[in-house]
Amino acid sequence: MEAMKSYASDGAITMKKPSQIKEIWRRFRKNKLAMAGLIVLSVMILAAVFAEQIGTYQSAIAMDVKNKLQNPSWQHIFGTDGYGRDLFIRCVHGGRVSLFIGFAASIAGMLCGGILGMISAYYGNKFDNAVMRTLDVFSAIPTILLALTLVAALGQGIVNIIVALVISRIPAFARIVRASTLGVVDQDYIEAARAGGTSDYHIMLKHIIPNIVGPLIVQTTMNVSSMILQTASLSFLGLGISAPRPEWGALISEAKEYIRIKPFMILFPGLCIILASASINLLGDGLRDALDPRLKS
Amino acid sequence: MYKYVLKRLAWMIPIILGVSVIIFCILSVTPGDPGTFILGAGGTQADVDELNRKLGYDLPAWQRYFKYMFGALRLDLGTSYMTKLSVLDEVLAKAPVSVSVAFLGILTSLVIGIPLGVLSAVKQYSLLDAIPTFLAIFLAAAPSFWVGLMLMVFFSVKLGWLPSQGITSIKGYFMPMLSLGLIYGAQTLRFTRSSMLETIRQDYVRTAKAKGASERAVIWKHAMQNALLPVITVTGNNFGALLGGAIVTETLFGLPGLGTYIVAGIKAKDIPVVMGGTISLAILFSIVMLLMDLLYAYVDPRIKAKYAGNRG
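Basis of the calculations
- Residues numbered from 1 in each chain as written.
- Chains lettered and ligands numbered in written order.
- Predicted model: local features only at pLDDT ≥ 70, side-chain atom pairs only at ≥ 80, totals over all residues.
- Heavy atoms only, no water.
- Helix = DSSP H or I, 4+ residues; strand = E, 2+ residues; numbered from the N terminus.
- Contact = heavy atoms within 4.5 Å.
- Areas by Shrake-Rupley, 256 points an atom, 1.4 Å probe, with all protein chains shown as cover.
- Core = buried A, V, L, I, M, F, W, Y, C linked by side-chain atoms within 4.5 Å.
- Buried < 20%, exposed > 50% of the residue type's maximum accessible area, 1.4 Å probe, protein only.
- pLDDT = per-residue confidence, 0-100.
- Axes fitted to C-alpha atoms, helices over the stretch in contact; angles between N-to-C directions.
- Parallel < 35°, antiparallel > 145°, perpendicular 65-115°, else oblique.
- Left-handed = near helix turned anticlockwise from the far one by under 90°.
- Disulfide = S-S within 2.5 Å.
- Salt bridge = Lys/Arg side-chain N within 4 Å of Asp/Glu carboxyl O.
- Polar contact = N/O pair within 3.5 Å; in protein donor to acceptor, adjacent residues only side chain to side chain.
- Nonpolar A, V, L, I, M, F, W, Y, C, P; charged D, E, K, R; others polar.

## Focus on the overall build of chain B
- Helix and strand counts for chain B come out as 14 helices and zero strands.
- Its C-alpha atoms give chain B principal-axis dimensions of roughly 85 × 65 × 30 Å.
- Look at the contacts in chain B between residues 6 or more apart in sequence, and 73% of them connect residues 24 or more apart.
- On chain B, roughly 15,400 Å² of surface is accessible, and the fraction owed to carbon and sulfur atoms is 68%.

Right, dumping it as structure tokens:
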């Protein structure tokens, strides 16, 4: 039994060998666009983390009607909104919410959908069939509509929005992980591990996950940007983050009122979203190429 | 092939049932009741209960579900709690708007995406590749309503050419069409580019070049046909997604489509509206997906052969 255990841990192909990470990083660094994405995203994440130091949350929500609707100036580089609040500070604090929801929902979605997809592919047959047919049903409901009804049921709040986004994305994640798992589940080394008496749990954890983790990291990264866009859409439809808390999508919908007089108010939060999600997409592209150079186009 | 189509049509029944159960369950746990919503703060508890009873809302959830679904079997999707209008009539009036906006958007995305995608693949690493690719990265990262608002700023506010809301004139379709076309066109461009790059490296393309076919003939005749196959799949999926996913665009431009109808229903907890709207969307979605699969089989003989093989 002891021998079996050591076989299991030795036999696993670990992604986390330092040399391999170094190799991936070396390939990644060569991709200029991906590096640019990484740098921009890091700056935005830092700004979100230290938002309180850039401008307090209180100043982001406190009204100052005297200074309302000012054009961009050195004092307010993005100008001020209809209540006189500095738009730059609101964008920074909005980033905190948008980026947090984006990353949290994407990682949680990958974990929930991933476990479902992997188990489904591993056990196959009737169980797999039942899971896939259920997912077919969910897929016939547009994602945004499902998220919208869920937010209406759960109530508006950061955690509820994350839950709604995760549930509405589970089918997509489960399908991706299922497809990756099907690619390795028939391999000889899985058969060998099974013949050696390794438990199903152990096989999935030590033999399947390490072999599919690369593409999953890429998918999770890419999904952060669609989650940010989805959150923005929910806010725009009036069932997202509620006022006065700033969120990039909510900032755009608040600015919509002033489209005729102050169109720049729409421009800046939109550029924040574009900058963040373009960086994430480029980073994901770079990661994909670095993790598997064969796929490089 | 017919057997396959019939099978797919039959499969729509459990899908629709599943969709109705999911949506009904979510709506049942949504707080609030229609009586309170319609009467607002002014209604007494007795009035609210009376109205709820009239609307049939006093029954337990499972009874309301079966009542609704048996009605749906007879093509009765109920009447809206708020407006008292027949949901079926409303859906039939609104679906054409949604379908035509989705269709026009997809068409525009193809018109923008395919030529630019081919161009950037053929002129790889040149400025003609860099500019479209940059624009595609930018647009793929933009929220659709932001793109729509920017178009509004330009066409309605600055130039005053187009109405920002509604489709009272044909002009109203232009901005929704363009904003969807730009966003999905960015995706089409990326797919066309990578698929084209892969195709022009194939042996048969080299052979065609070697035997002296002109560059233009090689690209448009030999490479194009194969390069477009993956683009068709993506376009099909996009069209399906757009039917319901254009909710945001519909809301932004005030289009009387299924999307705005369902969103209003969700906000007012108007159960018949949300149920009827979502079921109709799911039916539309399934039909579009089936048509796309058939189209795919039509353009790719390999897939047709597979269906034919399965028949026995």
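## Quick notes on the nonpolar core
- Membership of the largest hydrophobic core comes to 146 residues, with the highest contact counts inside it found for Ile208 and Trp248 of chain A together with Met275 of chain B.
- For this core, the element with the most residues is helix 13 (residues 264-291) of chain A, which contributes 14 residues.
- The residues contacting Met275 of chain B, other than those within four sequence positions of it, are Ser20, Ile23, Phe24, Leu27, Tyr65, Tyr68 and Met69 of chain B.

## Considerations on the confidence of the model for chain A
- Looking at chain A, pLDDT values average 84 and 93% of them are 70 or higher.
- Every residue in residues 1-13 of chain A is under pLDDT 50, and counting partners more than four places away or in other chains gives 13 contacts.

## Quick look at the packing of helix 6 (residues 87-123) of chain A against helix 7 (residues 125-139) of chain A
Residues and elements named next belong to chain A.
- Running from N to C, helix 6 and helix 7 cross one another at 140 degrees; their axes reach a closest spacing of 7 Å. If you check the angle between helix 6 and helix 7, you find them oblique. The way helix 6 lies across helix 7 gives a crossing that is left-handed. Counting all contacts with helix 6, which are made through Leu116, Ile119, Ser120, Ala121 and Tyr123, the residues of helix 7 involved are Asn125, Phe127, Asp128, Val131, Met132 and Leu135.

## Re the state of the cysteines
- Scanning the entire structure with this criterion turns up zero disulfides over all chains.
- Of all cysteine sulfurs in the structure, the one in Cys112 of chain A sits closest to Cys25 of chain B, which takes part in no disulfide; the separation is 19 Å.
- Cys25 of chain B sits in the partly exposed class, given a relative accessible area of 45%.

## Observations regarding the environment of Lys67 of chain B
- Counting through the fold element by element, Lys67 of chain B comes out in helix 4 (residues 61-73).
- Between the C-alpha atoms of Lys67 of chain B and Gly78 of chain B, which are eleven residues apart in sequence, the distance is 9.8 Å.

## Structural notes on the interface of chain A and chain B
- At the interface, 40 residues of chain A touch 43 residues of chain B.
- Between chain A and chain B we count one salt bridge in total.
- The closest approach of N and O atoms between Asp285 of chain A and Arg190 of chain B, which form a salt bridge, is 3.6 Å.
- Summed over the shared surface of chain A and chain B, the result is three residue pairs in polar contact (both at pLDDT 80 or more).
- Among the secondary structure elements, those contributing two or more residues to the side of chain A that touches chain B are helix 7, helix 8 (143-154), helix 11 (200-236), helix 12 (248-256) and helix 13 of chain A.
- Ranked by residues supplied to the side of chain A that touches chain B, first place goes to helix 13 of chain A with eleven residues.
- Class assignment of the residues belonging to the side of chain A that touches chain B gives a composition of 27 nonpolar, eight polar and five charged.

## Overview of the pattern of salt bridges
- In this structure the tally under the stated criterion is 13 salt bridges over all chains.
- Overlapping salt bridges, with partners in common, bring together Asp285, Arg288 and Asp289 of chain A together with Arg190 of chain B in one network.

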